[in-house]
Amino acid sequence: MANEKIPYKIYLDENEMPKQWYNVRADMKKKPAPLLNPATGKPCTAEDLSHVFCEELVKQELDETTPYIDIPDEIQDFYKMFRPSPLIRAYFLEKKLGTPAKIYYKFEGNNTSGSHKLNSAIAQAYYAKKQGLKGVTTETGAGQWGTALSMACSYFDLDCNVYMVKVSYEQKPFRREVMRTYGANVTPSPSNTTEVGRKILAEFPDTNGSLGCAISEAVEAATSKEGYRYVLGSVLNQVLLHQTVIGLEAKAALDKYNVKPDIIIGCAGGGSNLGGLIAPFVGEKLRGEADYRIIAVEPASCPSLTRGTYAYDYCDTGKICPLQKMYTLGSGFMPSPNHAGGLRYHGMSSILSELYDQGLIEATSVEQTAVFEAAEQFARVEGILPAPESSHAIRAAINEALKCKETGEEKTILFGLTGTGYFDMYAYGAFNDGKMSDYIPTDEEIAKSIANLPKIG
Ligand SMILES: *Cc1c(COP(=O)(O)O)cnc(C)c1O
């Protein structure tokens, strides 16, 4: 193994890091459907969106023609703190599985936030600062996004207000304290600090909160205060754009050794890491230059691509955000508790939804016990303790590698390892104690929440 030509870790030099993000929409013949203004039902204009989002980010959100967008120097500098991230050849895992498949993973957990979310957080904080804003508001579920945003805001000296889903606020005090250490204000959601929060609390006093609800609160907080805007860690086009540094780096590293992946796999919550990882590969697919099998992996408990409906839906419980056409389980869908907090969103990025609808990517869902089995197997041989979210991708990658073992095919598999799981030890504890259960929503539950989709088109 030691004299294999391909090293364990393929690093890029600093000067080989991407200087532009890649906007995959520019190469899509059929574009994702536009965001709609919930008040008028018409496509959102830059003007509509600029009350909620930073100006430059609105431009990026609506730009479906510019293929490459320059990464400002300040952001490139910040990226150098934790990028390029390593592309690792999973020699140990391959050996353990006894598979002829060649497995690579792009590891995004090498920063304090512990995930890929910092790639977009720093970009969003930069544009907020450049616009002269005082601060930003956001929601966080499991806490990775809030942590990343706190780091980015402290770097640019911006006020950072985080609405944290109540159950996570209580169960993940360590993430909360990391955010506070970076200077963020963290409020458990729903809270009585916003109108929408008070309304939800009046209706569901015992609620544990949800992402959709925390989004509504954060948007209200941003739009009712001078000098603030709302920022979001996934789902939006701009977030997928920033996350393309993952795919661009991965592709540059593989190209150095003339490696072409056959299968590319990523976990999908709102779709940002997967969208970022696959972007340059999908670009080649769209332009007819190459072909790849691409697999989105979601939890069986929140299966928006595999069991959802492709339709316009609300992005938040309070129904104040623009409407987005996406694969969705309905904005009122409350996923049963599971340990992959970052994968519990009811919808999916409109870019990924459209790619999926066009048959350019596939999707699969996995149950959480099987996910933790894969996480444990991976941790024991590859040394990294993966986040539960990331472990969905590991599960699917191992499944594909085991298929290769049966057929003898030497496929090359690339997957995204989005982060580390140090703040998820209760989940690992439940797994180690054999107390983990697999929740799968019934068809009736899904149908019930789909029945409440807004009537459009
Ligand atoms: C947030 C998160 C995800 C899921 O979000 P996407 O936008 O779908 O990428 C996956 N893994 C980790 C570690 C996360 O923090």
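Just above, that's the structure.
Summary of the structure given here. (Residues numbered from 1 in each chain as written. Predicted model: local features only at pLDDT ≥ 70, side-chain atom pairs only at ≥ 80, totals over all residues. Heavy atoms only, no water.)

## Thoughts on the site of the ligand
The environment of the ligand is formed by 18 residues, the closest being Lys-117, Ser-234, Gly-269, Ser-272 and Thr-418. A distance of 2.6 Å separates an oxygen atom of the ligand from a polar side-chain atom of Lys-117. Within the side chain of Gln-144, a nitrogen or oxygen atom sits 3.3 Å from an oxygen atom of the ligand. Expressed as a share of its isolated accessible area of 380 Å², the protein-covered part of the ligand is 98%. (Near = heavy atom within 4 Å. Polar contact = N/O pair within 3.5 Å; in protein donor to acceptor, adjacent residues only side chain to side chain. Areas by Shrake-Rupley, 256 points an atom, 1.4 Å probe, with all protein chains shown as cover.)

## Here we look at the packing of helix α5 (residues 118-130) against helix α6 (residues 144-156)
Running from N to C, α5 and α6 point in directions that differ by 40°, and their axes come no closer than 8 Å. The angle between the axes of α5 and α6 places the two elements in the oblique class. Where α5 crosses over α6, the two elements pack in a sense that is right-handed. Packed against α5, whose contacting residues are Leu-118, Ser-120, Ala-121, Ile-122, Gln-124, Ala-125, Tyr-126 and Lys-129, the element α6 presents Trp-145, Ala-148, Leu-149, Met-151, Ala-152, Cys-153, Tyr-155 and Phe-156 at the interface. For the contact of α5 with α6, the class distribution of residues is 13 nonpolar, two polar and one charged. (Axes fitted to C-alpha atoms, helices over the stretch in contact; angles between N-to-C directions. Helix = DSSP H or I, 4+ residues; strand = E, 2+ residues; numbered from the N terminus. Parallel < 35°, antiparallel > 145°, perpendicular 65-115°, else oblique. Left-handed = near helix turned anticlockwise from the far one by under 90°. Contact = heavy atoms within 4.5 Å. Nonpolar A, V, L, I, M, F, W, Y, C, P; charged D, E, K, R; others polar.)

## Some remarks on the sheet that holds strand β10 (residues 263-267)
With respect to topology, seven strands assemble into an open sheet ordered β1-β4-β5-β15-β10-β11-β14, the strand pairing being mixed. Each edge of the open sheet is held by one strand with a lone partner, namely β1 (9-10) and β14 (362-366). Relative to β14, strand β11 (residues 293-299) runs parallel, the two being bridged by five bridges. Residue pairing in the sheet places Pro-299 in a bridge with Val-366 of β14. Strand contacts of helix α13 (residues 272-286): β10, β11 and β15 (412-417), with the helix running at about 155° to β10, the strand carrying the most contacts. (Pairing = 2+ DSSP bridges.)

## Description of the nonpolar core
Inside soluble globular proteins, nonpolar side chains tend to come together where they are buried. Formed by 39 residues in total, the largest nonpolar core has its most connected members in Leu-87, Tyr-104, Ile-264, Ile-278, Leu-352, Leu-355 and Leu-414. Only α12 (244-256), α13, β11 and α15 (350-357) provide two or more residues apiece to this core. Looking at this core, the element that brings in the most residues is α13, giving seven residues. Aside from chain neighbours lying at most four places away, what touches Ile-264 is Leu-277, Ile-278, Phe-281, Tyr-292, Arg-293, Ile-294, Ile-295 and Leu-414. Residues Met-17, Leu-57, Leu-118 and Ala-121 belong to the second largest nonpolar core, which totals 37 residues. (Core = buried A, V, L, I, M, F, W, Y, C linked by side-chain atoms within 4.5 Å. Buried < 20%, exposed > 50% of the residue type's maximum accessible area, 1.4 Å probe, protein only.)

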